[in-house]
Amino acid sequence: MRYGLVADIHGNLEALETVLKALSKESIDRYISLGDIVGYGAEPEACVALVRSLEPMASIAGNHEWGALALTDIENFNEYAREAILWTRRVLSRECLEYLRSFKLVCEGGRFTMVHGSLNSPERFSYILDIDDAHENMKSMTAPVCFIGHTHFAEIFYCEDGKLKRVAGSGVKIRKDGRYVVNVGSVGQPRDGDPRAAYAVYDDEKETVEIERVSYDIESASRKIIKEGLPERLALRLFEGR
Ligand code: ZN
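Quantities reported herein were computed from a predicted structural model and do not represent experimental measurements. (Residues numbered from 1 in each chain as written. Predicted model: local features only at pLDDT ≥ 70, side-chain atom pairs only at ≥ 80, totals over all residues. Heavy atoms only, no water.)

> A description of the pattern of salt bridges should follow, citing residues and the corresponding values.
One pass over the structure, following the stated rule, counts 17 salt bridges. For E43, the salt bridge identified is with K224, shortest N-O distance 2.8 Å. With E43 in the loop between β2 (30–33) and α2 (44–52) and K224 in helix α7 (residues 218–227), this residue pair connects regions lying 181 residues apart in the sequence. Residue classification places K224 among the partly exposed residues on the basis of a relative accessible area of 28%. The shortest N-O distance in the salt bridge between E136 and K139 comes to 2.8 Å. Here the residue E136 and the residue K139 both occupy positions in helix α6 (residues 131–139), the gap between them amounting to three residues, near one helical turn. A network of salt bridges, in which partner residues are shared, links E160, D161, R175 and D177. (Salt bridge = Lys/Arg side-chain N within 4 Å of Asp/Glu carboxyl O. Helix = DSSP H or I, 4+ residues; strand = E, 2+ residues; numbered from the N terminus. Buried < 20%, exposed > 50% of the residue type's maximum accessible area, 1.4 Å probe, protein only.)

Okay, structure coming up:
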């Protein structure tokens, strides 16, 4: 089975469409969204509808879904995120919000686990920023692989033969005796210095994970953010990938 994994789409329809076009050439059997379809970007409803149309699909909740649903305190969000989530709450249809409410915080997929932030208190959306955070997460893992998003950094942390390693972007071969925390990166607002949209392909027969990048129409996505009266910083950062 081949899985197409996306995270942190953040209402960026241009980026999402471009990623899905790339994934359509990858013989994907199942799609996975690792949270934060909404927030920051100008087209949250359209992005949710597009993700929802992918079959079969598993979708887990991110802090921006929980923010839109008022399930988490947005006082913890930075000012741009807070302003954007208040706008997002206003523009999402009731039906869309009900759909977001159906997302779980953690999903088990057999040989892998999915969570937006971290397995340690998933409802608190902690960040896995370094090898120590990843190691903590590995202690809660029952499967060899855990797919995450949240930091908007495409990178893989892994433990093989008792050694912890970190690799940016690229891919990894899964060993049954290893532990892998795979951050698939962000579709709609990358922050790892590469403004191209990120996504991943997991092949559970070949036991490979590949992180991919694709250029999209940043100009158009950022113009829509300005047009909706969202913070200008949210438009500018797309070009920087920060
Ligand atoms: Zn996010």
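Structure's up, so let's keep going.
> Would you mind going over the sheet that holds strand β11 (residues 197–203) in detail, with residue names and values included?
The sheet built from six strands is open, its strands ordered β3-β2-β1-β11-β12-β9 with mixed pairing. Both edges of this open sheet fall to β3 (57–59) and β9 (171–173), since each of them pairs with a single strand only. Each strand axis lies, on average, 20° off the axis of its neighbour in the sheet, ignoring direction. Here strand β1 (residues 2–6) runs beside β11; their pairing, made up of four bridges, is antiparallel. (Pairing = 2+ DSSP bridges. Axes fitted to C-alpha atoms, helices over the stretch in contact; angles between N-to-C directions.)

> Give me the lowdown on the packing of aromatic side chains, citing residues and values where you can.
Applying the stated criterion across every chain, the model contains eight aromatic pairs. Arranged with centres 5.5 Å apart and planes meeting at 80°, the rings of F112 and Y202 form a pair that is edge-to-face. Of this pair, F112 sits in strand β5 (residues 112–115) while Y202 sits in strand β11, placing them 90 residues apart in sequence. Considered together, F112 and Y202 belong to a single accessibility category, that of buried residues. Looking at R52, its charged tip hangs above the ring of Y99, at a distance of 4.0 Å from the centre. (Phe/Tyr/Trp six-rings, centres within 6.5 Å; stacked < 30°, edge-to-face > 60°. Lys NZ or Arg CZ within 6 Å of the ring centre and 35° of its normal.)

> Help me get a handle on the sheet that holds strand β6 (residues 145–148), residues and values and all.
With mixed pairing, the six strands of this open sheet are ordered in space as β4-β5-β6-β10-β7-β8. Both edges of this open sheet fall to β4 (106–108) and β8 (163–168), since each of them pairs with a single strand only. Recorded for the sheet is a direction-independent mean angle of 15° between the axes of neighbouring strands. Across three bridges, the pairing between β5 and β6 is parallel. Residue pairing in the sheet places F112 in a bridge with V145 of β6.

> Break down the pairing of strand β10 (residues 179–184) for me, with residues and values.
For β10, the tally of buried residues reaches five of six residues, placing the bulk of the element in the interior. With four bridges joining them, β6 and β10 adopt parallel strand pairing. If you follow I148 over to β10, its bridge partner there is N183. Bridge analysis of strand β7 (residues 154–160) against β10 gives six bridges, and the strand direction is antiparallel. Across the sheet, residue C159 finds its bridge partner in β10, namely R179.

> Please set out helix α8 (residues 232–240) residue by residue, giving values where relevant.
Those residues of α8 lying buried are L234, A235, R237 and L238. Each buried residue of α8 sits inside an arc of 165° when the element is viewed along its axis, so together they form one side. Backbone geometry just downstream of α8 places G241 in the positive-phi region, at approximately 65°. (Arc of directions from axis to C-beta.)

> Please give an account of the side chain of D203 that cites residues and values.
Assignment of secondary structure puts D203 in strand β11. Accessibility expressed as a relative area gives 6% for D203, which makes it buried. From its side chain, D203 meets the backbone nitrogen of E205 in a polar contact 2.9 Å long. Aside from chain neighbours lying at most four places away, what touches D203 is M1, R2 and T208. (Polar contact = N/O pair within 3.5 Å; in protein donor to acceptor, adjacent residues only side chain to side chain. Contact = heavy atoms within 4.5 Å.)

> Pulling in residues and values, what's your account of the coordination of the zinc ion?
Binding of the zinc ion to the protein goes through D8 (OD), H10 (NE2), D36 (OD) and H152 (NE2), at separations of 2.0 to 2.4 Å. Bound by four donor atoms, the zinc ion shows angles of 86 to 175° at the metal and therefore irregular coordination geometry. Expressed as a motif, the donor residue spacing for the zinc ion is D-x1-H-x25-D-x115-H. Of this pair, D8 sits in the loop between β1 and α1 (13–23) while D36 sits in the loop between β2 and α2; the two residues are 28 residues apart in sequence, bridging distant segments of the chain. D8 gets classed as buried once you look at its relative accessible area, which sits at 0%. (Donors = N, O, S within 2.8 Å, 3.2 Å for Na, K, Ca; no water. Tetrahedral: all angles 85-135°; square planar, octahedral: opposite > 155°, others 65-115°.)

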